[in-house]
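The residues making up each chain are set out below.
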Amino acid sequence: MSKQIEVSGVRTCARCHVNIVDESIECPLCRGVLDLPEGADAEMTRSVTYPAVSEKFKVMHFVIRLVFFVSVVASVVMALINYLTFDKVPKYWSLIAISALAFGYVTMVLLFKKKRSLQRTLILQAILCIIFICGLDAILGWSEWSVRYAIPIMFMAMDGSAVVLMIVIINGWQNYIITEIIVFVGSVALLILGLTHVLPMSVLTCVAAGVSALILFGTIVFGEKMISNEIMRRFRI
């Protein structure tokens with residue numbers, strides 16, 4: 001059950017440090033519950049309803065379980081690819097990529113416990129994983145397994161996570177369009193670099209670019225005005 005309280009005046013988001021002057025009860029950026037204005041007491045006159053916090057925790061736990069499932073599936077796929085191409089690529093590269101997924105999962109759980117934004121968590125995980133994977137590839141002699149297999153799989157995992165987050169988080173679902181745009185730009189850039197022979201390319205590179213383009217196009221088509229408003233707000237158009 002939600003709780004009725006009396007609020008009025010300017011409220012502030014403790015995470016984003018923005019002031020909200022309308023009747024919103026959630027931050028439009030991170031969807032966190034807004035702090036009461038200074039001097040708030042029982043005499044305030046406007047009644048609003050706080051969202052059920054327990055539901056937020058249920059969603060967070062569901063997302064954690066989902067990411068765990070996706071990570072396990074991705075690990076199996078990479079291990080299978082490693083096995084089928086064992087004589088053509090560095091041996092046991094999948095163990096390194098799986099270690100990167102495990103690192104990302106653990107740090108994501110820690111960020112969730114600190115109640116950070118889901119979208120920011122997802123993007124931060126991607127950046128850390130790319131640095132980690134490419135760094136290991138370079139240290140081991142730059143055999144190119146990171147750009148051929150690991151990064152395209154990571155892009156597809158990000159797209160899948162963004163879609164699920166948009167489904168299970170009804171309020172503010174359009175916020176995750178930014179994650180989709182970032183994944184689309186990254187996967188297309190990887191594809192272009194592959195086509196121009198700057199970086200190596202595999203079938204997974206093409207699949208990742210196609211999946212990101214399809215998901216982004218579908219979100220724009222079905223999101224209609226909400227998506228265009230979110231893009232204009234985010235990029236201050």
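Refer to the preceding data block for the structure.
It should be emphasised that the depicted structure is a prediction, and the values quoted were computed from it without experimental measurement.

(A) Structural context of the overall build of the chain. Looking only at helices and strands, one finds 7 helices and 4 strands in the chain. The linear arrangement of helices and strands in the chain, starting from the amino end, is β-β-β-β-α-α-α-α-α-α-α. Across the 237 residues that make up the chain, the buried fraction comes to 40%. Counting contacts in the chain only where the partners sit at least 6 residues apart, residues at least 24 apart contribute 63% of the total. As displayed, the chain has an accessible area near 13500 Å², and 69% of this comes from carbon and sulfur atoms.

(B) Fine view of the packing of aromatic side chains. A full pass over the atoms with the stated rule returns 1 aromatic pair. For the ring pair Phe68 and Tyr105, a centre distance of 5.7 Å and an interplane angle of 55° mean the geometry is tilted. Placement of Phe68 in helix H1 (residues 53-84) and of Tyr105 in helix H2 (residues 93-113) is noted, with a sequence separation of 37 residues between them. Judged by its relative accessible area of 22%, Tyr105 is partly exposed.

(C) Representation of the nonpolar core within the structure. Residues Met154, Phe155, Met158 and Leu165 are the most contacted members of the largest nonpolar core, which totals 20 residues. It is helix H4 (residues 145-168) that provides the largest number of residues to this core, a total of 7 residues. Not counting the four nearest positions on each side in its chain, Phe155 is found in contact with Ile130, Val183, Gly186, Ser187, Leu190 and Ala208. Counting residues in each nonpolar core, the second largest holds 14 residues, with Ala74, Ile81, Trp93 and Ala97 among its members.

(D) Highlighting the packing of helix H5 (residues 177-195) against helix H7 (residues 225-234). Two elements in contact, H5 and H7, have axes separated by 10 Å at closest approach and are oriented at 75°. The angle between H5 and H7 places the two elements in the roughly perpendicular class. Residues Ile177, Ile178 and Ile181 of H5 lie in contact with H7, whose contacting residues are Ile227, Glu230, Ile231 and Arg234. Its residues assigned to classes, the contact of H5 with H7 comprises 5 nonpolar, no polar and 2 charged.

(E) Region of interest: a nonpolar patch on the surface. A cluster of nonpolar side chains, namely Phe103, Leu124, Leu128 and Phe132, defines an oily patch on the protein surface of about 290 Å² accessible area. With respect to the helices and strands, the residue Phe103 is situated in helix H2.

(F) Local environment of the pattern of salt bridges. Counted under the stated rule, the structure contains 1 salt bridge. Glu144 is the partner of Arg148 in a salt bridge, and the nearest nitrogen-oxygen pair spans 3.4 Å.

Cut-offs applied
Residues numbered from 1 in each chain as written. Predicted model: local features only at pLDDT ≥ 70, side-chain atom pairs only at ≥ 80, totals over all residues. Heavy atoms only, no water. Helix = DSSP H or I, 4+ residues; strand = E, 2+ residues; numbered from the N terminus. Buried < 20%, exposed > 50% of the residue type's maximum accessible area, 1.4 Å probe, protein only. Contact = heavy atoms within 4.5 Å. Areas by Shrake-Rupley, 256 points an atom, 1.4 Å probe, with all protein chains shown as cover. Phe/Tyr/Trp six-rings, centres within 6.5 Å; stacked < 30°, edge-to-face > 60°. Core = buried A, V, L, I, M, F, W, Y, C linked by side-chain atoms within 4.5 Å. Axes fitted to C-alpha atoms, helices over the stretch in contact; angles between N-to-C directions. Parallel < 35°, antiparallel > 145°, perpendicular 65-115°, else oblique. Nonpolar A, V, L, I, M, F, W, Y, C, P; charged D, E, K, R; others polar. Patch = residues over 30% accessible without salt bridge, like charges linked within 9 Å, V, L, I, M, F, W, Y side chains within 5 Å. Salt bridge = Lys/Arg side-chain N within 4 Å of Asp/Glu carboxyl O.

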